[in-house]
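Reading the structure
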Amino acid sequence: MAENTEQQGMEEELSKAQEASAEVEREENAEAASEETSGEEAVESSQSAEEGSSEENPELLQLKDKYLRTLAEYENFRKRSEKEKAQMFELGAKSIIEALLPVVDNFERALSHVQEEEKDSPFVKGIEGIYKQIQKMFADCNIQEIEALGKKFDPALHNAVMTEEEGDAEEDTITQDLQKGYTYRGNVVRHSMVKVKK
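Quick look at the sheet that holds strand 1 (residues 143-145) now. Taken together, 3 strands build an open sheet; the order of strands is 1-4-5 and the sheet is antiparallel. Where the open sheet ends on each side, the last strands, each with one partner, are strand 1 and strand 5 (187-190). The mean inter-strand angle of the sheet, taken between neighbouring strand axes irrespective of direction, is 35 degrees. Relative to strand 4 (residues 182-184), strand 1 runs antiparallel, the two being bridged by 3 bridges. Paired with I143 across the bridge in strand 4 is Y184.

Below you can see the structure in the form of C-alpha cells.
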C-alpha cells in the first residue's frame, strides 16, 4: 500500500514536471514567433524607409545639382564683375593720365626755357612747385617715366621717330629722348618718342 502511494506521488510529480516543461516550451515558442514577427516587421519597415528614401533620392540629387550649378554660376559672375570693374577702373585711369601728360610736357617745356636770371622769380618758383606736385602725384599713383636716354631701343617701350648714324654710341642705343613715355602699374600709357643710333 505504501509503495503504491509512493508510486502515485512520483507519477504525479513526473506529470507536473512534464506539464511545466511543456508550458515553458510553449512560452519559448511564442516568444520566438513574436521575435520573428517583430524582426520581419523591422525589416519591412526598413525596406519601406529605404524605398521612400530611394524615391526621394533623385529629387534630392537634382536639387543638390541645381544648387551647386547656381553657386558655381554666382562665383563666375562675381569674378567676372570684379574683373570688369578693375578693367573699367584701369581704362578710366589710363584715359585721365593720357589727358594729363600733355600738361606735364608743357610744364617741362616752360621750365626748360626759363632764363637763368628769372629762376628766382616768384612766378617761376610757383610753376616749379606745381610741377613738383604733379610729379609727387604721379609717384603716389605708380605712374613712372620710361627710361630712354642711353638705353637699348625696346619697341615695347620706345617709339623711334628719328635715327642718326654719327656719334660714339653703340648701335640701337637711344641718343635723344624727344618726348617722355610713361607707364601705369607696369603697363605702357605712352611710348617714349626717341632718336636711335643706327
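Alright, that's what it looks like, and here's the rest.
We now examine a nonpolar patch on the surface. Side chains of Y67, L68 and L71 sit close together on the surface and give an oily, nonpolar patch of about 310 Å² of accessible area. Assignment of secondary structure puts L71 in helix 1 (residues 2-112). On the accessibility criterion, L71 (40% relative accessible area) is partly exposed.

Attention now moves to the sheet that holds strand 2 (residues 158-164). Pairing is mixed in the open sheet, where 3 strands are placed in the order 2-6-3. Sheet topology places strand 2 and strand 3 (174-179) at the edges, where each strand pairs with a single neighbour. Averaged over all adjacent pairs, the angle separating strand axes in this sheet is 30 degrees, with direction ignored.

Taking 1.5 Å per residue as the helical rise, helix 2 (residues 122-140) with its 19 residues ought to reach 27 Å, and the 27 Å between its terminal C-alpha atoms agrees with that figure. Those residues of helix 2 that fall on the buried side of the exposure criterion are V124, I127, Y131, I134 and F138. Looking straight down helix 2, one finds its buried side chains confined to an arc of 85 degrees; they lie on one side. In helix 2, those exposed residues whose orientation departs by more than 90 degrees from the buried face are P122, K132, Q133, K136, A139 and D140. Positive backbone phi, approximately 65 degrees, marks N142, located one or two places after helix 2.

Procedures and definitions
Here, residues in each chain are numbered from 1, in the same order as that chain's written sequence. With pLDDT at 70 or above as the cut-off, local features in this predicted model cover only qualifying residues; side-chain atom pairs require 80 or more to be listed or tallied, and sums for whole chains, interfaces and linings still use all residues. To obtain the side-chain values, all non-hydrogen atoms of the structure were included, while hydrogens and water were left out. If DSSP finds at least two bridges between two strands, the strands pair. The helix count covers DSSP runs of H or I at least four residues long, the strand count covers runs of E at least two residues long, and both are numbered beginning at the N terminus. Helix axes are fitted to C-alpha atoms over the stretch in contact, other axes to C-alpha atoms as well, and angles between N-to-C directions run from 0 to 180 degrees. In this analysis, a patch consists of residues with relative accessible area above 30% that form no salt bridge, clustered at 9 Å for like charges and at 5 Å for the nonpolar side chains Val, Leu, Ile, Met, Phe, Trp and Tyr. In this description, accessible areas are obtained by the Shrake-Rupley approach with a 1.4 Å probe, and a residue is regarded as covered only by the protein chains that are shown. What makes a salt bridge here is a side-chain nitrogen of Lys or Arg within 4 Å of a carboxyl oxygen of Asp or Glu, nothing more. When accessible area is computed with a 1.4 Å probe and restricted to protein chains, residues below 20% of their type maximum are described as buried, those above 50% as exposed, and intermediate ones as partly exposed. A helix is expected to span 1.5 Å multiplied by its residue count minus one. This arc is taken over the directions from the axis of the helix to the C-beta atoms.

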